[in-house]
Amino acid sequence: MKKEKIKNLSNQFFQEIQTVQSEDQLFQLEKKYLGRKSEFIGFLKSLKNLAPEERKQFGRLANEIKKEITQKLEEKKKELIEKSFDFEKESLDVTMPGRKKGVGHLNPISIVRYKIEDIFSRMGYEVADGSEIETEFYNFDALNIPAHHPARDMQDTFWLQQKIKNQHPKVKREEERLAMRSQTSAGQVKYMEKHKPPFRIIVPGKCFRNEATDTTHEHTFYQFEALVVGENINVGHLKFTAQEFFSQFFKQKVKIRLRPSYFPFTEPGFEFDITCTVCHGKGCSACQGGGWLELGGAGMVNQNVFEASGYPRNKYQGFAWGFGIERLAMMKYGIDDVRLFHSGDLRFIKQF
Ligand code: FA5
C-alpha cells in the first residue's frame, strides 16, 4: 500500500514536470514535492514509526525516488536556463580586449605638495597644520600688521560675517573677526605659542584672496610656509635650505637670488628668485628673458613676531618663507594658466 502511494507520487511528479515552462513553475513544483510540508517529505518522516524491516525496505525505495526527483529537477533547471539564454544577444567575444578600469588621478598640486613634504621630512622638518579659517590676530596683528596698516591692503582678504568672542590675552578687542587665511604665515605665531625653539617646520595649505583671477592669480591657491627658529639662525641658512630644496625638487642645480622687499613680519625681507628651470639662467620665454623666476617672499623673522609669540626679544633668530605651490607645479609641469588646477577639467587632470 505504502509502496504504491510512493510510486504514484513519483509518477505524478514526472508527469507534472513535463508541463513546466518557467523557473518559477519549477520552484513551485520543487516546493510541492520536496518542500518541508510536502506529502513526500511527510512520508519520509513517518518512516521512523515503522518496524525495522519495513523501514529498511521503504526507506531505500523512498530515498531512490527522492534522488530521481532531485536529479530531474536539476536537469529541468539547466534546460530552462539554456532555453532562456539568447546566444545572439549574450554571446561573448573572448578575443575582444578588456575594458580598462578608470583610475583616479591626483591633482598636480597634491603631487607637488606630497613631494615638498617628503623632501622636508627627510631634512628633519615637522609638517605642521594651520587653519583655513583664522582670526584677525593670527592672520595679521601677530604678524606685525595691526589694523589700518597699509600692508593689509597687499592681501585682499575674505572676511566671514560671523565674529567670535575674543579669547586671546594679547587682543584688546571684545570680538574677533574671522578671515579665510590669506597666507600660511598665519600659522607662525600659533605654532610658536605652543613650541619653544629650536624647531623647523613647514606649513602647507590653502590660502584665499579676494582678487581678480588671471593666468597667475587665483582666489584660492596653496602656499607652503617654512619657519626655522633657533639661537644662531641667519640668512645663510635660508639660502642653503632653499637651494637644497629646489635642487632636489627640480632634480637640477638651482641658484637662489634674494632681492630686498618688505613684509612687516620679516626684518630684513626678500623677494625670492631661482634660476629658470627651463633655460637654466640663459633667458627664455618662461622667464621673460631674465633667466630668473620669482617664487615668493622670505626673510628673517621680525622680533615683534617673536614677542607676539611670547618669546623674549633678541634671544632667537629665525627665517621664514611663503612660496606658492601652484607656481612650483606650473614650473615643474610647464603649465601656463593657474586656473586649470581648480577647473575640474578631467582632460587636464588625466595627464598626471
Ligand atoms: C606672502 O604671502 C607672505 N606670507 C610670504 C612670506 C612668508 C614672506 C614668510 C616672508 C616670510 P605674497 O603675497 O608675495 O607673500 O605671496 C607669496 C607667494 O604666494 C607668491 O609669490 C605666489 O607664489 C603665491 N601667491 C600669492 N597670491 C597668489 C594668488 N592670488 N594666486 C596664486 N598664487 C599666489
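Residues numbered from 1 in each chain as written. Predicted model: local features only at pLDDT ≥ 70, side-chain atom pairs only at ≥ 80, totals over all residues. Heavy atoms only, no water.

1. With respect to the packing of helix H6 (residues 108–122) against helix H9 (residues 235–250)
- Relative to each other, H6 and H9 sit at 130 degrees, their axes nearing to 10 Å. One way to sum up the angle between H6 and H9 is to call them oblique. When the axes of H6 and H9 are compared, the crossing they make is right-handed. The residues of H9 that touch H6, namely those facing Val 112, Lys 115, Ile 116, Ile 119, Phe 120 and Arg 122, are Thr 241, Phe 245, Gln 248 and Phe 249.
- Residues belonging to the contact of H6 with H9 are distributed by class as follows: 6 nonpolar, 2 polar and 2 charged. (Axes fitted to C-alpha atoms, helices over the stretch in contact; angles between N-to-C directions. Helix = DSSP H or I, 4+ residues; strand = E, 2+ residues; numbered from the N terminus. Parallel < 35°, antiparallel > 145°, perpendicular 65-115°, else oblique. Left-handed = near helix turned anticlockwise from the far one by under 90°. Contact = heavy atoms within 4.5 Å. Nonpolar A, V, L, I, M, F, W, Y, C, P; charged D, E, K, R; others polar.)

2. Focus: the domain arrangement of the protein chain
- As assigned here, the protein chain comprises domain 1 (2–90) and domain 2 (108–131 + 182–349).
- Using only C-alpha atoms to locate each centre, domain 1 and domain 2 end up separated by 79 Å. (Domains from an automatic or database assignment.)

3. Digging into the sheet that holds strand S9 (residues 292–301)
- Strands sit in the order S1-S5-S6-S10-S9-S8-S7 across an open sheet of 7 strands; the sheet is mixed. The strands lining the two open edges of the sheet, one partner per strand, are strand S1 (126–127) and strand S7 (256–261).
- Looking at chain direction, S7 and strand S8 (residues 266–275) are connected through 6 bridges and run antiparallel. Its bridge partner being in S8, Ser 261 is matched across the sheet by Gly 269.
- Sitting on the sheet, H6 touches S1, strand S5 (199–208), strand S6 (220–230) and strand S10 (317–324), and the angle it makes with S5 is about 170 degrees. (Pairing = 2+ DSSP bridges.)

4. Observations concerning helix H2 (residues 23–34)
- Spanning 12 residues, H2 covers 16 Å between terminal C-alpha atoms, matching the ideal 16 Å at 1.5 Å per step.
- Of the surrounding secondary structure, the elements contacted by the buried residues of H2 are helix H1 (2–16), helix H3 (39–46) and helix H4 (52–84). (Expected span 1.5 Å × (residues − 1).)

5. Remarks on the sheet that holds strand S3 (residues 159–165)
- Strand order in the open sheet formed by 3 strands is S2-S4-S3, and the pairing between neighbours is antiparallel. Each of the sheet's edge strands pairs with one partner strand only, and the pair in question is strand S2 (133–135) and S3. Each strand axis lies, on average, 35 degrees off the axis of its neighbour in the sheet, ignoring direction.
- Bridging between S2 and strand S4 (residues 175–180) involves 3 bridges; their strand directions are antiparallel. Bridge pairing in S4 places Ile 133 opposite Met 180.

6. Let's talk about the layout of surface pockets
- Approximately 690 Å³ is the volume found for the largest pocket.
- Forming the boundary of the largest pocket are 32 residues, of which Arg 209, Phe 221, Gln 223, Gly 296 and Gly 322 lie nearest the centre.
- Mapped onto the lining of the largest pocket, the elements with two or more residues apiece are S6, S8, S9, S10 and helix H11 (325–333).
- When grouped by side-chain class, the residues that make up the lining of the largest pocket number 12 nonpolar, 12 polar and 8 charged.
- The computed volume of the second largest pocket comes to approximately 580 Å³.
- As for the second largest pocket, its lining consists of 18 residues, and the residues nearest its centre are Thr 216, Ala 286, Cys 287, Gln 288 and Leu 293. (1 Å grid on protein atoms, 1.4 Å probe; cavity = no way out; pocket = protein on both sides within 12 Å on 5 of 7 lines; lining within 4 Å. Points joined across faces, edges and corners; volume = space filled by probe spheres on them.)

7. What to know about the site of the ligand
- In the vicinity of the ligand lie 23 residues, with Gln 183, Ser 185, Arg 209, Glu 211 and Glu 218 positioned nearest.
- At a separation of 2.6 Å, a nitrogen atom of the ligand approaches a polar side-chain atom of Gln 183.
- Taking Gly 324, its main chain carries an N or O atom lying 3.2 Å from an oxygen atom of the ligand.
- In the complex, the protein chains occlude 92% of the 680 Å² of accessible area that the ligand would expose alone. (Near = heavy atom within 4 Å. Polar contact = N/O pair within 3.5 Å; in protein donor to acceptor, adjacent residues only side chain to side chain. Areas by Shrake-Rupley, 256 points an atom, 1.4 Å probe, with all protein chains shown as cover.)

8. Comments concerning the nonpolar core
- Of all hydrophobic cores here, the largest spans 44 residues; its most connected members are Ile 116, Phe 224, Phe 246, Trp 321 and Leu 328.
- Every element with two or more residues in this core is listed here: H6, S6, H9, S8, S9, S10, H11 and helix H12 (346–349).
- Those residues within four positions of Trp 321 in sequence are excluded, and the remaining contacts are Phe 120, Phe 224, Glu 225, Ala 226, Leu 238, Thr 241, Ala 242, Gly 297 and Ala 298.
- Ranked by size, the runner-up nonpolar core spans 26 residues in total, among them Ala 128, Ile 145, Ala 151 and Ile 201. (Core = buried A, V, L, I, M, F, W, Y, C linked by side-chain atoms within 4.5 Å. Buried < 20%, exposed > 50% of the residue type's maximum accessible area, 1.4 Å probe, protein only.)

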